[in-house]
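So you can see what is in the structure, the chains are spelled out below.
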Amino acid sequence: MCRWLAYQGESIYLDELVYEPEHSLVHQSLEARKAVTRVNADGFGLGWYTERDTPGQFHEVLPAWGDENLRSLTHHIRSHRFMAHVRSSTGTQVSRSNCHPFISENWMFLHNGQIGGFEQVKFELERQLCESLFLKRMGTTDSELIFLLMLQNGLKQNPVEAIRNTLSMICNLMADKHIEEPLKASICISDGNQFWAVRYSSDQEAPTVFIKQDGANIVLASEPLEKSPEWKKVSPQSILNIYSDKVESYAI
C-alpha cells in the first residue's frame, strides 16, 4: 500500500514534513508501520499550490529515499497547501505517469488502496468517461481512473456527492462481476482552497488516515509523522471536508 501526506496552513518548506519528522514520509517509504507493504519504492510525487492558478508537480520513478532532487526541492519550496505520495504498485507499471498526485486544472488527487479485480472492471469504468476526460488519462492506474470518474460525476459542483456516487458505482460494478476482492480507498483531494479526505473500504477494513490540527495548520497522513496524541485517526467510511480551520465529517 502507498503512503501519503497533505498539508494546509501557514507556508512551510516541504521538507518540514517530507523529511524532518521522526517518521517522515521518506522514512515511511522505507519502513511503513501501518501498511501491508512496508517498503514503498515504486516512485513518488509532489504537488503544491502557490499564487498561480494551477499547482506545481514533480514525479519520479526512483525510490524517494535515494533521490537528491527530491531532497533539494523540498528544502527550497515553500507552500501553504501541498501533497506528497510514495508509491507501492498494485500491478501497474512504474512510470512517471502513474505517480501521484494526479492533477487536472486546479484539482489535485492522490490515493492509497485499490479496486479489487481492476482488470475485470477497467473497460466498463473507462466507458463511463466522456471523451474529454478519457483523453486526459495519461497512465494505467486505478487511482487516476477513480479521479477522472469523480470529475465525471460532478466533483467540481458537489464533491461529497461525487465521491459517494463514484465509490458506489465502482462497488456495484464489482458486485456485477462477482469480484470478492474489496475496494479500498484512502484519498485526498484539493481544489486549491480546501481538502476532502476519504477513508473507505467495501470490506470494512479501510486503509488508515490520520489528522493533526493546530488551528488552521492541518496535516493529513497515512501514518502519524511522530509520536504525539495530537494525531487522531479518521473514522472509516467517512469523508472529511477541511476548509480553513473547519473540519466537517460526512458518512459514505
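Above this note sits the structure.
Residues numbered from 1 in each chain as written. Predicted model: local features only at pLDDT ≥ 70, side-chain atom pairs only at ≥ 80, totals over all residues. Heavy atoms only, no water.

### A closer look at the environment of L145
- The residue L145 is located in helix α6 (residues 142-152) in this model.
- In this structure, the C-alpha to C-alpha distance between L145 and F134, residues eleven residues apart in sequence, is 8.9 Å. (Helix = DSSP H or I, 4+ residues; strand = E, 2+ residues; numbered from the N terminus.)

### Observations regarding the sheet that holds strand β3 (residues 56-60)
- Reading across the sheet, the seven strands line up as β3-β2-β4-β1-β10-β9-β11 and stay open at both edges, with antiparallel pairing between neighbours. One side of each edge strand has no neighbouring strand; the edge strands of this open sheet are β3 and β11 (232-233).
- Pairing of strand β2 (residues 44-49) with β3 involves five bridges; the strand directions are antiparallel. Residue pairing for β3: G45 is matched across the bridge by H59. (Pairing = 2+ DSSP bridges.)

### Some words on the layout of surface pockets
- Estimates place the volume of the second largest pocket at around 200 Å³.
- Lining of the second largest pocket is provided by 13 residues; of these, F102, I103, K136, M138 and E144 occupy positions nearest its centre.
- Secondary structure elements with two or more residues in the lining of the second largest pocket: β3, β5 (102-104) and α6.
- In terms of residue class, the lining of the second largest pocket is built from six nonpolar, four polar and three charged. (1 Å grid on protein atoms, 1.4 Å probe; cavity = no way out; pocket = protein on both sides within 12 Å on 5 of 7 lines; lining within 4 Å. Points joined across faces, edges and corners; volume = space filled by probe spheres on them. Nonpolar A, V, L, I, M, F, W, Y, C, P; charged D, E, K, R; others polar.)

### Concerning the nonpolar core
- Ranked by internal contacts, the top residues of the largest apolar core, which has 34 residues, are I115, L155, I163 and I189.
- Broken down by secondary-structure element, the contributors of at least two residues to this core are β6 (107-115), α4 (118-126), α6, α7 (159-176), β7 (183-190) and β8 (195-201).
- Sort the elements by how many residues they give to this core and α7 lands first, with eight residues.
- For I163, the residues in contact, after removing those within four places along its chain, are M150, L155, I189, W196, V198 and I239.
- Membership of the second largest hydrophobic core comes to 24 residues, among which are Y7, L14, V18 and I77. (Core = buried A, V, L, I, M, F, W, Y, C linked by side-chain atoms within 4.5 Å. Buried < 20%, exposed > 50% of the residue type's maximum accessible area, 1.4 Å probe, protein only. Contact = heavy atoms within 4.5 Å.)

### Notes on the sheet that holds strand β13 (residues 246-251)
- Reading across from one edge, β5-β6-β7-β8-β12-β13 is the order of the six strands in this open sheet, with antiparallel pairing throughout. On the outer flanks of this sheet lie β5 and β13, each paired with one strand and no other. Averaged over neighbouring strand pairs, the angle between their axes works out to 15° when direction is ignored.
- Inspection of the sheet shows β8 paired to strand β12 (residues 238-243) by five bridges, in the antiparallel sense. Counted as the bridge partner of F195 is I242 from β12.
- Set on the sheet, α7 makes contact with β6, β7, β8, β12 and β13; between it and β8 the angle comes to about 25°. (Axes fitted to C-alpha atoms, helices over the stretch in contact; angles between N-to-C directions.)

### Digging into α6
- Most of α6 sits inside the fold, with ten of its eleven residues counted as buried.
- For α6, every residue scored as buried is listed here: D142, S143, E144, L145, I146, F147, L148, L149, M150 and L151.
- Elements that come into contact with the buried residues of α6 comprise β5, β6, α4, α5 (131-134), α7 and β7.
- One or two positions beyond α6, positive phi appears at G154, with a value near 100°.

### Here we look at empty space enclosed by the protein
- The final tally for this structure, using the stated rule, is one cavity of 30 Å³ or more.
- As a volume, the largest cavity reaches approximately 40 Å³.
- Along its surface, the largest cavity is lined by V18, L25, V26, F44, G45, L46, A64, L70, A84, H85 and V86.
- Across the lining of the largest cavity, the residue classes tally to nine nonpolar, two polar and no charged.

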